Amino acid sequence: MNDTPYTTLPLWPNAYPASGASATLKRLNEDFTVTELPLQLPSGEGEHIWLDIEKNGANTAFVAQQLAEAAGVQERDVGYAGLKDRYAITRQWFSIYLPSGKTGETPDLTQIQHPEFKVLGQSRHVKKLRPGDLQGNRFRIVLRDVAGDSDAMKAIEANLQAIASHGVPNYFGAQRFGFDGGNVEQGRAMLAREIRVRNPKKKGIYLSAVRSFVFNEVLALRIQQGLWGQTLPGDVMDEAGRPTGPLWGRGRVVTTDQAQALENGVAERHATLCDGMEHAGLDQERRALVASPVDMSWAWQKADHQAGDQADQLVLTFSLPAGNYATSVLNEILRTTEPDRHTENDPAAVE
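Residues numbered from 1 in each chain as written. Predicted model: local features only at pLDDT ≥ 70, side-chain atom pairs only at ≥ 80, totals over all residues. Heavy atoms only, no water.

Here we come to the nonpolar core. Counting residues in hydrophobic clusters, the biggest one holds 36 residues, and the most contacted among them are Phe-177, Phe-213, Val-214, Trp-248, Leu-273 and Met-277. Mapped onto this core, the elements with two or more residues apiece are helix H4 (182-191), helix H5 (200-224), helix H6 (257-269) and helix H7 (271-279). Leaving out residues up to four positions away in the same chain, Val-214 has contacts with Trp-248, Val-266, Leu-273, Cys-274 and Met-277. Counting residues in each nonpolar core, the second largest holds 29 residues, with Ala-88, Ala-152, Met-153 and Ala-291 among its members. (Core = buried A, V, L, I, M, F, W, Y, C linked by side-chain atoms within 4.5 Å. Buried < 20%, exposed > 50% of the residue type's maximum accessible area, 1.4 Å probe, protein only. Helix = DSSP H or I, 4+ residues; strand = E, 2+ residues; numbered from the N terminus. Contact = heavy atoms within 4.5 Å.)

This is the structure we're talking about:
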């Protein structure tokens, strides 16, 4: 059994040739705009208040805390479908369990005044919002200071065309694994019984990181073996006809033949993780190996301060299904750097 510590995340391979270009991501919050695509809209009646909220520089959990305080309820009574980036402008729905008979009149939460978020509207509904209750997210991303020679610019265009036609590897984003990938090592230590994790929320975070890590390892191996965009004998396909990879857990491995051999080989390399997930009670699930951006478009712009004819800003717009990461798209285009403002406990996932 492999008990090697997971101290750093691997450099998982790209599907397309590196462009050699670089850019700055999220210099300003408005450079990363996310709009949640809900599964449904509130019906106008029910025991829950649904709130349409725009955040600017706040993470989702913080807004949930503020809403609970404003409504006079416990934090567990506040629901949301997915975490959204802090350093961004994001629009998403929250719900608050607040039966009208419990407190009398329904409070007007659109009156909340806060510098980092505003309530755009509210309506009642019959159910609480829970994680995963969304179709996906619509992104508008401004990449600033795009740098590269003429060959790099041509490669960017070629990769953008390829992504629009064939999608990108559906990797879990780095934010899933915590600061410097630390959640994977914590998960390994927990599953190896080197540490005891009593907090259910932390335990869930560590299990999710470990599970996502093994999925990424399977996807990376397929790309390393030149299998990107190909279907292997024994693959399990999703409803859209795309091959899937394992979200590890107990139960029979549903792939066969070459696909099963590849997945089992990864599981053997990470035996502590995979055996531990089975004993932790997680069930086998599947996830598409390809993420397919929808309604994707891009445009080059010139920064206001810049003289000359060279455009140095690339503006991307696209939608992704729930659970897919915008970083998987960006990583196939160019190398990005962000301002150094990360805090270790900041949950910055977009799902």
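Back to the write-up after that little detour.
Looking now at the packing of aromatic side chains. Tallied over the entire structure, the rule returns eleven aromatic pairs. Aromatic pair Phe-172 and Tyr-325: ring centres 6.3 Å apart, planes at 70°, arrangement edge-to-face. Separated by 153 residues along the polypeptide, Phe-172 in the loop between strand S8 (168-169) and H4 and Tyr-325 in the loop between strand S13 (313-321) and helix H8 (326-330) bring together distant segments of the chain. Side by side, Phe-172 and Tyr-325 carry an identical accessibility label, which is buried. One aromatic cluster in this structure is built from Tyr-6, Trp-12, Tyr-171, Phe-177 and Phe-213. The ring of Phe-172 has Arg-287 sitting right over it, with the charged end atom 3.7 Å from the ring centre. Sitting over the ring of Phe-215, Arg-287 keeps its end group 5.3 Å from the ring centre. (Phe/Tyr/Trp six-rings, centres within 6.5 Å; stacked < 30°, edge-to-face > 60°. Lys NZ or Arg CZ within 6 Å of the ring centre and 35° of its normal.)

In this section: the side chain of Ser-19. If you trace the backbone, Ser-19 turns up in the segment before strand S1 (22-25). Its relative accessible area of 10% is what places Ser-19 among the buried residues. Only 2.8 Å separates the side chain of Ser-19 from the backbone oxygen of Ile-333, close enough to count as a polar contact. Leave out the neighbours within four places in its chain, and Ser-19 touches Ala-152, Ala-155, Ile-156, Asn-159, Ile-333 and Leu-334. (Polar contact = N/O pair within 3.5 Å; in protein donor to acceptor, adjacent residues only side chain to side chain.)

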